[in-house]
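# Tertiary structure, described
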Amino acid sequence: MKNTDVKYLEPHILSFLNNENAMNTLHDIRRGIERELIRTTSESRISNLPHPEELGSALTHPYITTDFAEAQLELVTPAMTERKTTFDSLASLHHFVATRLPDNEIMWGASMPPELPSDDEIKIAAYGTSNAGLHKVRYREGLANRYGKRMQLISGIHYNFSLPDSFWEILHSHIGSELPLNDFISERYFHLIRNVLRNGWIIPYLFGASPAVDKSYLINQEHALNLLDDETYYLPWATSLRLSNMGYSSNEQSFYPTSFNSKQEYLADLCHALTTPSERYTHLNGDQQLNASVLQLENELYGSVRPKIVSDQLRPLYAMCHHGIQYIELRSLDNNPLLPLGISEDQSYFLDAFLTYNALAPSPELTDSERELIARRQELVATEGRKEGLLLPTQQGDRELKELGLTLLSSMMPVASWLDNVFATEGHKQGIEREQVKFVDSNLTPSAQILTIMKDEKLSYKHVTQRLSEMHFKQHKDIEINKEEMAGLSRLVGESLAKQQRMETLQDMSFDEFIQKKNDLQCDCEMEEVVA
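Thresholds, definitions, all that
- Residues numbered from 1 in each chain as written.
- Predicted model: local features only at pLDDT ≥ 70, side-chain atom pairs only at ≥ 80, totals over all residues.
- Heavy atoms only, no water.
- UniProt positions renumbered as here; feature names shortened; annotations may be inferred.
- Phe/Tyr/Trp six-rings, centres within 6.5 Å; stacked < 30°, edge-to-face > 60°.
- Helix = DSSP H or I, 4+ residues; strand = E, 2+ residues; numbered from the N terminus.
- Buried < 20%, exposed > 50% of the residue type's maximum accessible area, 1.4 Å probe, protein only.
- Lys NZ or Arg CZ within 6 Å of the ring centre and 35° of its normal.
- Pairing = 2+ DSSP bridges.
- Axes fitted to C-alpha atoms, helices over the stretch in contact; angles between N-to-C directions.
- Contact = heavy atoms within 4.5 Å.
- Parallel < 35°, antiparallel > 145°, perpendicular 65-115°, else oblique.
- Left-handed = near helix turned anticlockwise from the far one by under 90°.
- Polar contact = N/O pair within 3.5 Å; in protein donor to acceptor, adjacent residues only side chain to side chain.

Under an unreviewed UniProt entry, the name given to the protein chain is Glutamate--cysteine ligase, and the organism recorded is Aliivibrio fischeri. The Sequence similarities (unreviewed entry) comment attached to the protein chain in UniProt states, word for word, "Belongs to the glutamate--cysteine ligase type 1 family. Type 1 subfamily."

### Details of the packing of aromatic side chains
If you walk through the whole model with that rule in mind, you get 14 aromatic pairs. Here the aromatic rings of tyrosine 147 and tyrosine 302 are separated by 5.4 Å at their centres, their planes lie at 55°, and the arrangement is tilted. Taken together, the positions of tyrosine 147 in helix 4 (residues 131-147) and tyrosine 302 in the loop between helix 10 (263-275) and strand 9 (305-308) put the pair 155 residues apart, joining distant regions of the chain. For tyrosine 147, a relative accessible area of 15% corresponds to the buried category. Judged by its relative accessible area of 13%, tyrosine 302 falls in the buried class. Site record: aromatic cluster; members linked through ring pairs are Phe16, Phe167, Trp168, Tyr189 and Trp418. A cation over a ring is seen here: arginine 83 above tyrosine 349, with NZ or CZ 3.8 Å from the ring centre.

### Quick look at the sheet that holds strand 8 (residues 232-234)
With antiparallel pairing, 3 strands are arranged side by side in an open sheet as 6-8-7. Either end of the sheet is taken by a strand with one partner, and the two such strands are strand 6 (212-214) and strand 7 (226-229). Direction aside, the axes of adjacent strands within the sheet are offset by 35° on average. Across 3 bridges, strand 6 lies against strand 8 in antiparallel orientation. Bridged to aspartate 214 within strand 8 is threonine 232. Sheet strands in contact with helix 16 (residues 446-456) are strand 6, strand 7 and strand 8, and its direction is about 140° off that of strand 8.

### With respect to the packing of helix 3 (residues 83-98) against helix 18 (residues 483-505)
Two numbers describe a pair of packed helices, the interaxial angle and the distance between the axes. Interhelical geometry of helix 3 versus helix 18 gives an angle of 60° and a closest axis separation of 11 Å. Put simply, helix 3 runs oblique to helix 18. By crossing handedness, the relation of helix 3 to helix 18 is classed as right-handed. Where helix 3 abuts helix 18, its residues Ser89, Ser92, Leu93, His95 and Phe96 lie against Glu485, Met486, Leu489, Ser490 and Val493.

### Here's the deal with the side chain of asparagine 199
Here asparagine 199 lies in helix 7 (residues 181-199). Classification of asparagine 199 by relative accessible area gives buried; the value is 5%. Of the polar contacts made by the side chain of asparagine 199, one reaches the side chain of asparagine 358; its length is 2.8 Å. With residues near it in sequence (within four places) discarded, asparagine 199 still touches Phe354, Tyr357, Asn358 and Leu408.

### Quick notes on the pairing of strand 1 (residues 30-41)
The element strand 1 is largely enclosed, with a buried count of 11 among its 12 residues. Bridging between strand 1 and strand 5 (residues 157-162) involves 6 bridges; their strand directions are antiparallel. Looking across to strand 5, one finds that arginine 31 is bridged to phenylalanine 161. In terms of strand pairing, strand 1 meets strand 3 (residues 72-76) through 5 bridges, oriented antiparallel.

Rendered as structure tokens:
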């Protein structure tokens, strides 16, 4: 029986691939990368030192900030059209940070955390005394009280991707859409997102790199993991514990599903979660979270992919309501500790082909039953993905993972060839061919390679990760970086510190008033809130 879970390109889309005007727009595809890393000591422990002042203000620096914890760095490249420039920027950020950390620190290259102390000793990120800074801290206190600090220390890579408006304009004309262009663009991004959800199980299989975890992560937590050695828990066929139910997830949010069938449904569901008190959180005091809603802020919505828009004036909900979607954020990529940057340019070629295919393949609306099926499929791949003969649930019944994967990659080939033709490269097609081999031999996946090193060399998770992190840290320090770029990053340090100081000096309301204003949310999107 033909597998219809994988969507082949329709004839009118195949003809679109021959549209020369559409091809000319693809050079304006933009991509950006965000990488989270934990500052650790030579003993594989999380650092207890503050965010180094030499890196600038974590509140206002555009490219070097912190995530949940004070020791959890987040390195952010600008959105760029040149792939090489994006990766050069990411390398420059790594070099800049590596040359400014205290002598005893390195950057932990894996997604699952290093050795962790008690929760009381894990320091939430600090952002100074401005209302905006205190707001970020209060939000993180809410995360800690809701989910525990350990889960928040799981790190990953976010791949931001957008197709240019000129591309959407030509597609809009090609298919004869009657929607206004801005609405059409938003709807096509939701079209893309639905397909990423359907096909996204392939990301942890191919790129998952967290099959094991340090035992300190699981203190006071029930789990079904196996003991590999005195310091390590794992699952023999796991690809990404980070994406499993014991990783970065929220049971409470599962009771408030968010629709991706249209912008209107998405915003309505998101606003409902932002304004509905949760019985799980109403017992917390006012200073223990921003509010008692299911979601304190839009960013608390977990998921493998999110629609995004950048706005300095409007909170995300209002910005998306008024201006639509600018790009999508793929959030399901593990930090690969075998790679210096956690992600490679080769991998980026594959991701571009994958995301562009998902933007063009048929994408019917998601039903509740398909959403449940997608969640079961992801959990199976995250925890058992490399198991020989593993069956995955589909709408047509169970199918072998290998068959589903090879079919999906085959259906992506026309898009990969199209992109290669435009960019005068073979990178996209080669990217797919490189990944096809992993379905023939699962030992080639990063998760299998990491477990092989641990078993063959009889090393714990933290010792393997420490060794790889130290090796890559030295490479980051030694790499040659463009002097102008380094000067620019140095200048941003001073500018960001000065900006934070101005924000702390020029307060125009009390913190309580600030929070009350932030929490005052209108679900009709008419109220435009200016972000301080």
